[in-house]
Every structure is written in structure tokens, then in C-alpha cells.
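Fold and contact review
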Amino acid sequence: MKLNVLTKPIITEKTSRSQENGIYTFVVVQDATKIDIKNAFEALYGEKVEKVQILYVKPKVKMVGSGKPFTKRAEVKKAVIKVTKGKKVDILKFEKPKK
């Protein structure tokens with residue numbers, strides 16, 4: 001079982017509102033599966049996961065200044081994790097597992 005698939009939590013206004021409903025968003029490694037993400041979340045926080053959704057954010061090309069005309073933002077894989085109803089998790093205490 002892989003425990004180091006969760007890279008970091010995503011904390012924005014939108015994700016903060018969805019945390020009240022038991023939905024949490026994390027950046028995950030590119031080769032992580034839904035089962036890996038579910039097992040890692042349950043091992044780190046001790047809460048039962050109801051559902052895992054995966055989103056791919058494509059790289060974005062931006063024009064920056066005159067010296068370096070284009071930069072490319074990295075591709076990111078996100079996981080939206082829903083815990084069982086009525087459970088809350090404090091994701092601010094996120095610690096990446098040691099290798």
C-alpha cells in the first residue's frame with residue numbers, strides 16, 4: 001500500500017466551503033489510483049472514505065515578459081475525497097509520510 005500519494009491539500013475559498021460537507025481536495029502523484037488515494041487518506045486521518053474523484057489539470061502556456069516569452073505550468077492531478085456523512089477531518093494537520 002502506498003502512503004505517499006497525497007502531496008498536499010488544496011485550500012481555497014471553494015474547497016473550504018466544501019469541507020463543511022465532508023469533501024476534501026488534495027494534489028496527488030501522477031500514478032496514483034483511486035484505491036491508493038482512498039487507502040492513504042484512511043491511513044493518515046482514520047476516517048472512512050465514501051467516494052474518490054480524480055481531476056487532471058492540463059498544463060497552461062503563459063507569456064511572461066520580453067526576455068523569456070513562454071512558460072509552461074506543470075500538469076497536476078487532483079483528488080476530491082468525500083468522507084462518510086457527519087465526519088470531519090482537520091486537513092491543516094497534514095504531514096507527508098516519511099519514505
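The structure presented is a predicted model; accordingly, all values stated were derived computationally and were not measured.

So, on to the sheet that holds strand E2 (residues 23-28). Taking strand neighbours across the sheet as the criterion, the four strands line up as E1-E2-E6-E3 in an open arrangement whose pairing is antiparallel. Every interior strand has two partners, whereas the edge strands, strand E1 (6-9) and strand E3 (49-57), have only one. Pairs of neighbouring strands in the sheet enclose a mean axial angle of 35°, with direction left out of account. Strand direction decides the pairing type here: E1 and E2, joined by three bridges, are antiparallel. Within E2, the position partnered with Leu-6 by the bridge is Val-28.

Okay, the nonpolar core next. By size, the foremost hydrophobic cluster in this structure holds 18 residues, and its most contacted members are Leu-6, Phe-26, Ile-37, Phe-41 and Ile-81. Where this core is concerned, the elements lending two or more residues are E2, helix H2 (34-45), E3 and strand E6 (76-83). Looking at this core element by element, the count peaks at four residues for H2.

Time to look at a nonpolar patch on the surface. A surface patch of nonpolar side chains, amounting to about 360 Å² of accessible area, comprises Val-61, Met-63 and Phe-70. Residue position: Val-61 is located in strand E4 (residues 61-64).

Let us now look at the pattern of salt bridges. Side chains bearing opposite charge may pair, as long as their charged atoms lie close to each other. Applying the stated criterion across every chain, the model contains one salt bridge. Here Glu-50 makes a salt bridge to Lys-82, at a shortest N to O gap of 4.0 Å. On the criterion of sequence distance, the pair formed by Glu-50 in strand E3 and Lys-82 in strand E6 is long-range, its members being 32 residues apart.

Scoring rules and cut-offs
Residues numbered from 1 in each chain as written. Predicted model: local features only at pLDDT ≥ 70, side-chain atom pairs only at ≥ 80, totals over all residues. Heavy atoms only, no water. Pairing = 2+ DSSP bridges. Helix = DSSP H or I, 4+ residues; strand = E, 2+ residues; numbered from the N terminus. Axes fitted to C-alpha atoms, helices over the stretch in contact; angles between N-to-C directions. Core = buried A, V, L, I, M, F, W, Y, C linked by side-chain atoms within 4.5 Å. Buried < 20%, exposed > 50% of the residue type's maximum accessible area, 1.4 Å probe, protein only. Patch = residues over 30% accessible without salt bridge, like charges linked within 9 Å, V, L, I, M, F, W, Y side chains within 5 Å. Areas by Shrake-Rupley, 256 points an atom, 1.4 Å probe, with all protein chains shown as cover. Salt bridge = Lys/Arg side-chain N within 4 Å of Asp/Glu carboxyl O.

Such coordinate-based values are descriptive only and should not be taken to indicate function.
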